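Below are the chains, spelled out letter by letter.
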Number of protein chains: 2
Amino acid sequence: MENAARIFEGHLKLRGLKSTRQRQAIFNAFIESSVHLSAEELYRKLRKKNPGIGLSTVYRTLKLLCDCGLARALQLDDNMVTFEKESKRDHHDHMVCRECGRIEEFYSKAIEDLQERVAKKHGFIPEDHRMKIIGLCKECARRKAEK
Amino acid sequence: MENAARIFEGHLKLRGLKSTRQRQAIFNAFIESSVHLSAEELYRKLRKKNPGIGLSTVYRTLKLLCDCGLARALQLDDNMVTFEKESKRDHHDHMVCRECGRIEEFYSKAIEDLQERVAKKHGFIPEDHRMKIIGLCKECARRKAEK
DNA sequence: ATTGATATTGACATTCATTATCATTTAGAA
DNA sequence: TTCTAAATGATAATGAATGTCAATATCAAT
Ligand SMILES: [Mn+2]
Ligand SMILES: [Mn+2]
Ligand SMILES: [Zn+2]
Ligand SMILES: [Zn+2]
């Protein structure tokens, strides 16, 4: 999606922020990256091509990406925030295997609608949500059954 | 529920763990406590009556309480785990106001059922879940509207 | 009640992800 | 080119959570 770059640049301009070499590098690395990664992981990936880039800047830029809706921060693991690419059209939630850590993505229109409904019933204006199902993935379930 | 104590004691006995003065104090403070609190908060509450109790022990005991299903660890805030009393019969999820931090509890049988269903569709065996809706509580929504 | 093996405790240190500091550099408008 | 506010990154700091370990407590067996 070539259009993510425009969103990012637009966000910067709108806020009077500057388009720096580092921000571009981080943006690119993030866009090309695999689905779920931590700030640290993105940082290590970046260092290969861009030595001298700072971890602080990675954190800061990731925050910017979240602000403009290109990234989403998740708590999949207990002691680390992971980031993933986000766009209004591919929203999903996660299942995580407590045995092997495998992450499965899912989307349920029905659940999303019910969330909306239950929030409003409480006078709440829902803006976002996090939903995580913990359990055993297919593989690990089979392995357990065999034993 | 006088029966929580029996569950806790039973859990200890079953695992060959010992029933200590500290564990009893922490158990009691937790049971009498307000709905959502952090280890640190429980620790401070305890120190009033039980000076000399250790924060480590609070963490350790809270883990035991989770193990036997009397407590549940939540990520309501971004940088702190909060604990709440849990029992099979009053399971619920949470809405949290991004403005004032207010926490609203809710339960939807329909959502729970759909979670079960979607997990199985992915070959997943669901064991637990965390669901959090972020938004504006009634109060804060009104305040925003007036302004 | 005594014993003794084993679990527990808590002060303290440590870890580790994330954030703050701040002197230096840079973007970008004029 | 100049100027000013923003950005950077090395480094230190923060803070929740966990590890360490000598001293202590529990409890089953005697
Ligand atoms: Mn995902
Ligand atoms: Mn609750
Ligand atoms: Zn698995
Ligand atoms: Zn509120």
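Here, the structure is the one placed above.
Student: What should I look at first to understand the interface of chain A and chain B in this one?
Tutor: A common way to report how large an interface is uses the accessible area buried once the components associate. Contact residues are listed per partner, giving 33 residues for chain A and 33 residues for chain B. Counting each side, the surface lost to burial between chain A and chain B is near 2,900 Å², with a carbon and sulfur contribution of 67%. Sorting the residues of chain A by area buried against chain B places His122(A), Phe124(A) and Glu127(A) first, and these three jointly supply 20% of that buried surface. Taken together, the connections running from chain A to chain B amount to two salt bridges. Scanning the region where chain A abuts chain B turns up 12 residue pairs in polar contact (both at pLDDT 80 or more). Those elements that provide at least two residues to the side of chain A that touches chain B are strand S4 (93-97), strand S5 (103-106), helix H5 (109-121), strand S6 (125-136) and helix H6 (138-146) of chain A. Per-element tally for the side of chain A that touches chain B: the top contributor is S6(A), with 12 residues. Class assignment for the residues of the side of chain A that touches chain B results in 18 nonpolar, six polar and nine charged. Pairing of S6(A) with strand S6 (residues 125-136) of chain B involves 11 bridges; the strand directions are antiparallel. Bridge pairing links His129(A) to Ile133(B) in S6(B).

Student: Would you mind showing me how to read the coordination of the manganese ion (ligand 1) here?
Tutor: Around a metal, the perfect tetrahedron of four donors has angles of 109.5 degrees, and the perfect octahedron of six donors has angles of 90 or 180 degrees. The coordination sphere of the manganese ion (ligand 1) contains the protein donors His36(A) (NE2), Glu84(A) (OE), His92(A) (NE2), His94(A) (NE2) and Glu105(A) (OE), at a distance range of 2.0 to 2.3 Å. Taking the relative accessible area as the measure of exposure, His92(A) reaches 9% and is therefore buried.

Student: Would you explain the sheet that holds strand S3 (residues 82-85) of chain A in this entry?
Tutor: Think of a sheet as strands paired side by side through backbone hydrogen bonds, with each pair either parallel or antiparallel. Residues and elements named next belong to chain A. An order of S1-S3-S2 is seen for the three strands of this open sheet, with the pairing classed as antiparallel. The open sheet is flanked by strand S1 (37-38) and strand S2 (71-74), the only strands paired with a single partner. Two elements, S1 and S3, share two bridges in a ladder whose sense is antiparallel. Of the residues in S3, the one forming a bridge with Leu-37 is Phe-83. Contacts from helix H4 (residues 55-67) reach S2 and S3 within the one sheet, and its direction differs from that of S2 by about 110 degrees.

Student: Is there a simple way to explain the coordination of the zinc ion (ligand 4) in this structure?
Tutor: Residues and elements named next belong to chain B. Around the zinc ion (ligand 4), the protein supplies Cys-97 (SG), Cys-100 (SG), Cys-137 (SG) and Cys-140 (SG) as donor atoms, at distances of 2.2 to 2.4 Å. Classification of the site at the zinc ion (ligand 4) as tetrahedral follows from its four donor atoms and the range of 101 to 115 degrees in their angles at the metal. Each donor residue of the zinc ion (ligand 4) belongs to the same chain, with the gaps between them written as C-x2-C-x36-C-x2-C. For Cys-137, a relative accessible area of 1% corresponds to the buried category. Look at Cys-140 and you get buried, because its relative accessible area is 2%.

What counts and how
- Position numbers for residues count from 1 along each chain, tracking the sequence in the order it is written.
- Going through the entries in the order they are written, you letter the chains from A and number the ligands from 1.
- pLDDT decides what is reported in this predicted model: residues at 70 or higher carry local features, side-chain atom pairs at 80 or more are listed and counted, and totals for whole chains, interfaces and linings draw on all residues regardless.
- Based on all heavy atoms of the structure, the side-chain values leave hydrogens and waters out of the count.
- Any two residues having at least one pair of non-hydrogen atoms within 4.5 Å are treated as being in contact.
- Buried area: the accessible area, evaluated with a 1.4 Å probe, that two parts lose upon being put together, summed over both parts.
- Salt bridges are identified by distance alone: a Lys or Arg side-chain nitrogen within 4 Å of an Asp or Glu carboxyl oxygen.
- In the analysis that follows, any N or O atom pair within 3.5 Å is treated as a polar contact, provided that within protein one partner can donate a hydrogen and the other can accept it, and provided that, for residues neighboring in sequence, both atoms belong to side chains.
- Segments assigned H or I by DSSP are reported as helices when at least four residues long, segments assigned E as strands when at least two residues long, and all are numbered from the N terminus.
- Polarity classes work like this: nonpolar for Ala, Val, Leu, Ile, Met, Phe, Trp, Tyr, Cys and Pro, charged for Asp, Glu, Lys and Arg, and polar for all others, with Gly in that last group.
- Should DSSP find at least two bridges between two strands, the strands are taken to pair.
- In this description, a donor is an N, O or S atom within 2.8 Å of the metal centre, a cutoff extended to 3.2 Å for sodium, potassium and calcium. Water is not part of the atom list, which can make sites seem incomplete.
- Categorising residues by exposure relies on relative accessible area from a 1.4 Å probe, with only protein chains included: less than 20% of the type maximum marks a residue as buried, more than 50% marks it as exposed, and the intermediate range marks it as partly exposed.
- The axes used here are C-alpha line fits, helices contributing only the stretch in contact, and every angle between their N-to-C directions lies in the interval 0 to 180 degrees.
- Labels for metal geometry use angle windows, namely 85 to 135 degrees for all angles of a four-donor tetrahedral site, and for square planar (four donors) or octahedral (six donors) sites opposite donors over 155 degrees apart plus all others within 65 to 115; sites meeting none of these are irregular.

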